[in-house]
Structures are given as C-alpha cells and as structure tokens.
Amino acid sequence: MQFKEIIGQEEIKRQLVQTVAENRVSHAQLFLSAEGTGALPLAIAYAQFINCLDRSATDSCGLCSSCRKYERYIHPDLHFSYPFFASKDVKIAVDVLEEWRTMLLSDPYVDLDIWRAQLSADNKQANINIAECHDIIKKLSYKAFEAETKVLIMWLPEYLEKEGNSLLKIIEEPPANTLFLLVATNQEHILSTLLSRTQIVKIPKLPGETIEQYLTGKHNLSAEQAATYSFLADGNLIEAKALAAQAHNDNAEIFAEWLRMGYGNRGLDLVSFTDQAASWGRENQKNFLKYGISFLRECSLILSGADSLVKLPLRTLDTAHKLCKYVLNLNMASAIISELEQAHYHIERNANPKILFLDVSLQLVKIIKFKTLPKGTQYIYN
C-alpha cells in the first residue's frame, strides 16, 4: 500500500515521511486513532515506504520487488499480529493469516466486526494470547530475509491482556533493524507497561469534506446524500462506506417527520410509521436510530446557543432550526436521545421492531406533545 492510496491524512503522511528522511524512525510506535480513520493502512504504507528499494521523496515506488510483495502482504519480513478467536485449529494469528490477507486485499479499512465476519467466530471472545506473544518473539529473533528492516504490525493491542508483558523485553531491547507498529483505537485499554515503551502517533478523524469527496467520487452519490452520510459517519470512513453500500431510506426527512408526528399526536400516522420501520431490517433500523441521536445532539447545540459548533448539512440545518424554534427544547432533546439510545441497544439484541418502534413513538408523543418526561429523569424546565 502506498501513501497516495490512503484517504486524507496528508499531515500525518508528511510527518511519517519526514521521520524516514531524517533517520528518526522510532523502533516502537503506537498509531492511535478512532475507528475508520485509516490508521492500519497508514502503518502498512509506512512500513512499505521504509523498505522500498526505490522510494521517492514522498512515497514508495510501488514497483520494486519489496513493494510488490508488500502490496500482496506476502513480504517475508512483514509480520502481522491481531486479535483472533482461538479454537482447536487456531492457536496463533498465523493460523488465520490467509483470511487476514484476503480481508486486507479486499479493503484495508477494517474494524473488529468486519474481521469477525471473515472468520467463524461464533460467540467466542477475540484476544491476543500468550502463544501469539511467544510466536512474535520467535519470529522477530530471526534475521531479516530480504528487507533491511523487519516490521511487526500489531492491530488492536487493546486485546493483549497481562500476557502482553512477555513482549516488553523485545520491545525495549529489540533485535537490530526491527520496527514495531501498534495500531489502536482505545488508549485506556492498552497495558500501561506497553504504552510507556512506545512513541504515540495520534491520527485525527477524517474531516467531513474528505469523506464527502470520497463518497461522491467513489460511490457516485449526490452531494446532498454524501453530506448526510458524512455527518452520520462522523469521521469514520468504514461507517461511511457501509452507509453508501446500503439502499435505505432518507433518514433526515423520515426522522424529522417522525418528530412532527409525535408533536401532532398523529396516532394513525405513527402506527403506519411503525409498520414501515419494522420492514427495514436491523442494520437500517440501527442506522436510523443513530442518525436520530446524532441529529438531536446537533439540535442540542443549537438550543444551547452554540450554533458555530453545529455540523449538520445545509439541507437538514434549516429543519433543525425550525424544530428547535417550534417543537423542541433542550430537556425534550435530551429525553428523546435517551429513548433512542435504549431502542438502539434493544434492536442490537433482537427486540421485536414493531413493538419497539411503537413504544418509542408513544414516548415521543408524551415528551413532545404533552411535555411529560420519562419517569425518573431529573430535568428542570426553564
């Protein structure tokens, strides 16, 4: 993978290239980012750039023998470690290496759900076990086969438990020309002993404009639809791709109309909406609820007087202002968000969608029309 193939992150690319140009490549680095920002592709492109036989000032050549092997993830001095689902046939990460390569060749922007779908995970818990740690130590103790630098890319080191302490010595005193690249999304779940031995590279979320350009260019979406999906994805390219791949309803219009139904106490319309929502399928139902939560959080900013922080697309911004002016107050928005979050939780656990959406619809009527907040909340009206 070359840097030019990675969406956005131009500043991080420049920083990584500069470390090579100035011979300042730290032997243990932690790429820390939110999901869907391209941290794993960046780590792979960085390793390829370091070992390229004919690199330019800004990128690997993509043509030399090293690059060609990196492009297929078969370079003998490129090693991967990642969470997996242990079984009698799967003891260490190499046992599912072909599945890992197949996934990356399809799309290197991945999360644990995508990886789980690639494997026969059933209900097993993912982890990086002690056997995998020992295999890492064994592999890195060998001399490099072809490249000047051996590279280990560990994806999601959060899944290393106390067994990860067995790697501390090799990370602190690595064999010559060995590079550790850890790719994580949650700093708090990483072993502190491991964290203290790495140089952290923080990778920011992708700007909404970058995701919009990607969606209009690669998925042929309209500017309006791309803006809506970009808002919903909130910097997560994996989420944006998933939304673009699905043929589902116009969440912005439908959600605004749902709120209007609640405000007008339109019972028959709410029942019809419930039947419609029940037919969408679980993923579309979850996306609709997530959109509603995100939309109402932006409305909360408007109601709080923080309009400059609002990230809504122009088409839905006008709708949000009207709802905030005539329908919602801050307490209502907060109460509805709570209802939607609970509904999302229950949808994930296979709740009956018709019953669930009807219940939430009735809660909307209570909150918006009759200004009756759910029992147990401690909101105070102005």
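Rules used throughout
Residues numbered from 1 in each chain as written. Predicted model: local features only at pLDDT ≥ 70, side-chain atom pairs only at ≥ 80, totals over all residues. Heavy atoms only, no water. Disulfide = S-S within 2.5 Å. Buried < 20%, exposed > 50% of the residue type's maximum accessible area, 1.4 Å probe, protein only. Phe/Tyr/Trp six-rings, centres within 6.5 Å; stacked < 30°, edge-to-face > 60°. Helix = DSSP H or I, 4+ residues; strand = E, 2+ residues; numbered from the N terminus. Lys NZ or Arg CZ within 6 Å of the ring centre and 35° of its normal. Patch = residues over 30% accessible without salt bridge, like charges linked within 9 Å, V, L, I, M, F, W, Y side chains within 5 Å. Areas by Shrake-Rupley, 256 points an atom, 1.4 Å probe, with all protein chains shown as cover. Salt bridge = Lys/Arg side-chain N within 4 Å of Asp/Glu carboxyl O. Core = buried A, V, L, I, M, F, W, Y, C linked by side-chain atoms within 4.5 Å. Contact = heavy atoms within 4.5 Å. pLDDT = per-residue confidence, 0-100. Expected span 1.5 Å × (residues − 1). Polar contact = N/O pair within 3.5 Å; in protein donor to acceptor, adjacent residues only side chain to side chain.

Asker: Give me the lowdown on the state of the cysteines, citing residues and values where you can.
Answerer: What the rule picks out here adds up to 0 disulfides. For C61, which is in no disulfide, the shortest distance to another cysteine sulfur is to C52 and amounts to 3.5 Å. What makes C61 partly exposed here is its relative accessible area of 23%. Here C67 is not disulfide-linked; the sulfur of C64 is the nearest cysteine sulfur, at 3.6 Å.

Asker: Could you give me a rundown of the packing of aromatic side chains, with the residues and numbers involved?
Answerer: One pair of aromatic rings is described through two measures. These are the centre distance and the angle between the planes. Under the criterion given, the structure shown has 22 aromatic pairs. Between F80 and W100, the aromatic rings sit 5.7 Å apart at their centres with planes inclined by 55°, giving tilted as the arrangement. A residue pair is termed long-range when its members are at least 10 positions apart, and F80 in strand β2 (residues 78–81) and W100 in helix α4 (residues 97–106) qualify at 20 residues. Assessed through its relative accessible area of 5%, F80 is described here as buried. The interplanar angle of 75° and the centroid separation of 6.0 Å between the aromatic rings of F255 and W258 together place this pair among those described as edge-to-face. Pair noted here: F255 and W258 are both in helix α12 (residues 251–264), with a separation of 3 residues, about one helical turn. One Lys or Arg, R349, reaches over the ring of Y345 and ends 3.8 Å from the middle of that ring.

Asker: Go over a nonpolar patch on the surface with me, naming the residues and quoting the values.
Answerer: Taken together, the side chains of V271, L358 and L362 define a hydrophobic patch exposed on the protein surface, amounting to about 240 Å² of accessible area. Structurally, L358 is set in helix α17 (residues 353–369).

Asker: An account of the pattern of salt bridges is requested, with residue identities and associated values reported.
Answerer: If you walk through the whole model with that rule in mind, you get 19 salt bridges. Across the salt bridge formed by E10 and K13, the nearest N and O atoms sit 3.2 Å from each other. Placement of the pair is E10 and K13 together in helix α1 (residues 10–21), with a separation of 3 residues, close to one helical turn. Close ionic contact of D234 with K205 constitutes a salt bridge, the shortest N to O distance being 2.9 Å. Placement of D234 in the loop between α10 (223–233) and α11 (237–245) and of K205 in the loop between β5 (199–203) and α9 (208–218) is noted, with a sequence separation of 29 residues between them. Look at D234 and you get partly exposed, because its relative accessible area is 35%. With a relative accessible area of 44%, K205 lands in the partly exposed category.

Asker: Could you give me a rundown of the nonpolar core, with the residues and numbers involved?
Answerer: Of all hydrophobic cores here, the largest spans 104 residues; its most connected members are F31, W100, I153, W155, W258 and F295. Tallying contributions element by element places helix α2 (residues 39–51) first for this core, with 10 residues. Those residues within four positions of F31 in sequence are excluded, and the remaining contacts are L16, A39, L42, A43, Y46, L181, L182, V183, A184, V201 and I203. Membership of the second largest hydrophobic core comes to 21 residues, among which are M154, L160, I190 and L195.

Asker: I'd like to hear about the confidence of the model for the protein, residue by residue, with values.
Answerer: For any part of a model where pLDDT is low, the fine detail of the predicted coordinates should not be relied upon. Taken over all residues, the pLDDT of the protein has a mean of 89, while the share at 70 or more is 96%. With pLDDT under 50 throughout, residues 378–382 is counted as low confidence; its partners more than four residues away or in other chains account for 10 contacts.

Asker: Residues and numbers for helix α14 (residues 282–303), please.
Answerer: Over its 22 residues, α14 runs 31 Å from end to end, which matches the ideal 32 Å to within 8%, given 1.5 Å per residue. One or two steps after α14, the chain reaches G305, where phi turns positive at roughly 85°.

Asker: Describe the environment of Q29, and please don't skip the residues or the numbers.
Answerer: Turning to its location among the elements, Q29 is positioned in strand β1 (residues 28–33). By relative accessible area, which is 2% here, Q29 ends up buried. Placed 150 residues apart in sequence, Q29 and L179 show a C-alpha to C-alpha distance of 8.2 Å. Aside from chain neighbours lying at most four places away, what touches Q29 is L16, Y46, L179, F180, L181, L182, T198, Q199 and V201. Polar side-chain contacts of Q29 include one of 3.3 Å to the side chain of Y46.

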